Amino acid sequence: MHILTSHYYQQGSNFSTLLLQQYQCSRIPICLICLCGGENEAQGKAGAYLTGRLLQWFREQSVRHLVKSPEERLSALQDRLRELILCTDEELKSSILKSEEKNTEPVGILSVGEDFLLFGRGGQKIYLINRIFGRSHVRRLDGELFCGGGDALIFRRGILQQSVGLLFATRSFGEPMTERELGECLHVESVRTEEQAARHLRELAEGSRLQRGHNMSAALLLTGQKAADRRKKAYD
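A short tour of the structure in this document, coming up. (Residues numbered from 1 in each chain as written. Predicted model: local features only at pLDDT ≥ 70, side-chain atom pairs only at ≥ 80, totals over all residues. Heavy atoms only, no water.)

**Brief notes about the nonpolar core**
So, point 1. If you look at the biggest cluster of nonpolar residues, it comprises 24 residues, and the most contacted ones within it are Ile 30, Leu 54, Trp 57, Leu 81, Leu 110 and Phe 119.
So, point 2. Elements with a contribution of two residues or more to this core: β2 (17-25), β3 (28-36), α1 (41-59), α2 (63-68), α3 (70-93), β4 (106-112) and β5 (115-120).
So, point 3. Residues in contact with Leu 54, not counting those within four places in the same chain, are Leu 19, Leu 32, Cys 34, Leu 81, Leu 84 and Phe 119. (Core = buried A, V, L, I, M, F, W, Y, C linked by side-chain atoms within 4.5 Å. Buried < 20%, exposed > 50% of the residue type's maximum accessible area, 1.4 Å probe, protein only. Helix = DSSP H or I, 4+ residues; strand = E, 2+ residues; numbered from the N terminus. Contact = heavy atoms within 4.5 Å.)

Shown next, in the form of structure tokens:
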């Protein structure tokens, strides 16, 4: 499976934080995305601390072991990732970064090939982008994935299909567009390069900025067939 990623981060005063890492081992893509919303300086520093810890943890993982048995490894990494985030919560509670602020609000994905692990809590957004009856379709997922979780950290595992997208975004990103308008802008089959994906994200952010959107960050993950698979399909 081929994976394409892109991101947007609003320049200027922005208290959200975004981590995006992508590797490839034995032709298998590995991707980590983590987005933390933030509305003030304390929340921004707490989110930066969490994403920094997460980056260090991710770089310590053996990618060769991940690609050999992704389903088994992701099951084990889910427990370790939960422990890391909850441990970071405790560290922040006893530091000047946290004081009286609420827990960080991370949302993200760890994917190895087609296997993925979603995680999140709080009010950040996740959209699924696919095609239905030849038209691009967008559905917001965070409500159904994390329904009833409150401040609890929720994990969901699954398989990535081909020609779909996942958009992780802070609250104001993409507002005031409807899900249909988002789907038309993020037409998954028309996005072939990271540059195209980045341009679409900038267009969404610009519309939000005109509506006084702030603290905006977003990351887009798109799946597609490998070049060899596309050629085979064309010949069949």
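**What to know about the pairing of β5**
So, point 1. Among the 6 residues in β5, 6 count as buried, and that is most of the element.
So, point 2. Side chains of β5 alternate between two faces, with Asp 115, Leu 117 and Phe 119 and Phe 116, Leu 118 and Gly 120 buried alike.
So, point 3. In textbook terms, the turn of a hairpin is the stretch between consecutive antiparallel strands, and for β4 and β5 this stretch comprises 2 residues, one of which, Gly 113, has a positive phi near 65°.
So, point 4. Pairing geometry for β5 and strand β8 (residues 154-159), over 6 bridges, is antiparallel. Bridged to Leu 118 within β8 is Arg 156. (Pairing = 2+ DSSP bridges.)

**Here's the deal with the packing of aromatic side chains**
So, point 1. Under the defined criterion, the tally for this structure stands at 3 aromatic pairs.
So, point 2. Here Tyr 8 and Phe 173 contribute two aromatic rings whose centre-to-centre distance is 5.9 Å and whose plane-to-plane angle is 40°, an arrangement assigned as tilted. Here Tyr 8 is found in strand β1 (residues 2-9), whereas its partner Phe 173 is found in the loop between β9 (165-169) and α5 (179-185), with 165 residues between them in sequence.
So, point 3. Geometrically, the ring pair formed by Tyr 23 and Phe 58 is tilted, given 5.6 Å between the ring centres and 40° between the ring planes. Of the two residues, Tyr 23 is situated in strand β2 and Phe 58 in helix α1; the sequence distance between them amounts to 35 residues.
So, point 4. The class for Phe 58 is buried, based on a relative accessible area of 4%. (Phe/Tyr/Trp six-rings, centres within 6.5 Å; stacked < 30°, edge-to-face > 60°.)

**Focus on the sheet that holds strand β6 (residues 125-132)**
So, point 1. Spatially, the 5 strands line up as an open sheet ordered β1-β10-β9-β6-β7, and their pairing is antiparallel. Each having just a single partner strand, β1 and β7 (135-140) make up the two edges of the open sheet. Looking at each pair of strands side by side, their axes are set apart by 20° on average, direction ignored.
So, point 2. With 5 bridges joining them, β9 and strand β10 (residues 217-224) adopt antiparallel strand pairing. Paired with Leu 166 across the two strands is Leu 221, which belongs to β10.
So, point 3. Packed onto the sheet, helix α6 (residues 194-210) meets β1, β9 and β10 and runs at close to 35° relative to β1. (Axes fitted to C-alpha atoms, helices over the stretch in contact; angles between N-to-C directions.)

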